[in-house]
Amino acid sequence: EILYEDDHIIVVSKRSGLPVVGTGKSAGHAVDFEKKGAKASLMAQHREQTVYSILSDYMRTKVHAERMSSSVRLPWKPSHVFIVHRLDRDTSGVLVFAKNEKIQKIMQDGWNNYVKTRGYIGIVEGIPSPAEGTITSWLKENPKSMKMVSSRSPEISRQTDPRTGKANDEWQKAITNYRTIATDIRIKGAVGSPVRYSAVEFLLETGRKNQIRVHAADELGCPIAGDRKYGAKTNPAGRLALHAGTLAFIHPVSGKVMTFTAKTPREFGLR
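A quick note: this is a predicted structure, and the numbers were derived from the prediction, not measured. Every residue gets a number counted from 1 within its own chain, in the order that chain's sequence is written. Selection of residues for local features in this predicted model requires a pLDDT of at least 70, selection of side-chain atom pairs for listing and counting requires 80 or more, and totals for whole chains, interfaces and linings are taken over all residues. Neither water nor hydrogens contribute to the side-chain values; these are computed over all heavy atoms in the structure.

Caption draft 1: Quick peek at the overall build of the protein. Counting from the N terminus, the helices are DSSP H or I runs at least four residues long and the strands are E runs at least two residues long. Broken down by element type, the protein carries four helices and eleven strands. Split into buried and exposed, the 271 residues of the protein put 46% on the buried side. In the protein, the proportion of contacts linking residues at least 24 apart, taken out of those at least 6 apart, comes to 63%. Accessible areas in this description were obtained via Shrake-Rupley with a 1.4 Å probe; residue shielding takes into account the shown protein chains only. Approximately 14,600 Å² of the protein is accessible, and the part contributed by carbon and sulfur atoms is 50%. Only protein chains enter the area calculation, which uses a 1.4 Å probe; residues under 20% of their type maximum are buried, those over 50% are exposed, and those in between are partly exposed. Here a residue-residue contact requires only that any non-hydrogen atoms of the pair lie within 4.5 Å.

Caption draft 2: Representation of the layout of surface pockets within the structure. Put plainly, a pocket is an open set of points on a 1 Å grid over the protein atoms alone with protein on both sides within 12 Å along at least five of seven lines, a cavity is a set where a 1.4 Å probe fits but cannot get out, and a lining residue has an atom within 4 Å of a point. Grid points are joined across faces, edges and corners, and a volume is the space filled by probe spheres set on the points. There is about 170 Å³ of room inside the second largest pocket. Lining the second largest pocket, in full, are D184, I185, R186, I187, A190, S193, V195, R196 and Y197. Residues are grouped as follows: nonpolar covers Ala, Val, Leu, Ile, Met, Phe, Trp, Tyr, Cys and Pro; charged covers Asp, Glu, Lys and Arg; every other residue, Gly included, is treated as polar. The residue makeup of the lining of the second largest pocket, split by class, is five nonpolar, one polar and three charged.

Caption draft 3: Fine view of the environment of I212. By the element assignment, I212 lies in helix α4 (residues 211-219). Look at I212 and you get buried, because its relative accessible area is 4%. The sequence separation of I212 and I175 amounts to 37 residues, and the corresponding C-alpha distance is 9.3 Å.

Caption draft 4: Highlighting the nonpolar core. F97, Y120, I123, F202 and I224 are the most contacted members of the largest nonpolar core, which has 39 residues in total. Broken down by secondary-structure element, the contributors of at least two residues to this core are β2 (9-14), α1 (51-69), β4 (92-98), β5 (115-125), β9 (197-204), α4 and β10 (242-250). Element by element, the count of residues in this core is highest for β9, at five residues. Ignoring any residue separated from it by four or fewer positions in sequence, one finds I224 in contact with G122, I123, V124, F202, I212, R213, A216, A232, L240, A241 and L242. What makes a nonpolar core is a set of buried Ala, Val, Leu, Ile, Met, Phe, Trp, Tyr and Cys residues whose side-chain atoms join them at distances within 4.5 Å. In this structure, V11, V84, M258 and A262 belong to the second largest nonpolar core, which totals 16 residues.

Caption draft 5: Region of interest: the side chain of K14. Tracing the chain through its elements places K14 in strand β2. A residue counts as positive if it is Lys or Arg and as negative if it is Asp or Glu; His and the chain ends are not included. Salt bridge, as used here, is a side-chain nitrogen of Lys or Arg placed within 4 Å of a carboxyl oxygen of Asp or Glu. It is D90 that comes nearest to the buried, bridge-free K14 among opposite-charge side chains, at 6.7 Å. A distance of 3.4 Å separates a polar atom in the side chain of K14 from the backbone oxygen of D88. A 3.5 Å cut-off defines polar contacts: any pair of N or O atoms within that distance qualifies, except that in protein one atom must be a possible hydrogen donor and the other a possible acceptor, and neighbouring residues in sequence count only when both atoms are side-chain atoms. Of the polar contacts made by the side chain of K14, one reaches the backbone oxygen of T91; its length is 2.9 Å. Apart from the residues lying within four places of it in its own chain, the contact partners of K14 are V20, V51, L87, D88, R89, T91, S92, G93 and L95.

Fair warning: the whole summary comes from geometry, so function is off the table for now.
This is the structure we're talking about:
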């Protein structure tokens, strides 16, 4: 769903289960999507439906239609979209894309300054205690399990790598503010389940990989429902119960603060 579009950005609400971008391996091309400023290749992922491929098709069709319907020769316009940030495949919610590489670079390089609010709603197993607070920890990916692990000790980030003798930069500081907004949520798919569910609002100060998921599971002891990777025992919503409901950021050209919201999915049992 397209929430907003102008000459510089396009904001969408993505559904759960749809990846932002493919790996490129399905088409025989390995693409470094993590390289800052890199433009994803449609040819590298044309066999896999992604948010990127859907929007790129939309832009090509739109630009072609404008040229065909015009009575004058229109100047060339790019028909690509450019990735600014990501959501996990199974997380739904608000995403912003750039319409050219210049805007992409501006927003990526200054992401923490441009973004004012990153708000999520999650359904967790159990009842968080305390009901609200701030979680600060250091995250690192375990290469064997491909899971993020969390440590509350700031000292761990200052340890040196025994192989190189240099500072260990694999640990990244992650800060999550949370607030329990409802307990004993009744979810249609959880009928008969002995597990109690709570709805929790998460506000990110940093944006690390799987940050909310690992903080909910490891630091709160209340994994996101449906998140078996991080220890959830149930899947009442039939999906990972995490939704990026609010994104507020400074427009890279106008300088205005823009706020976008995506409705909480019905399967969360909150509406």
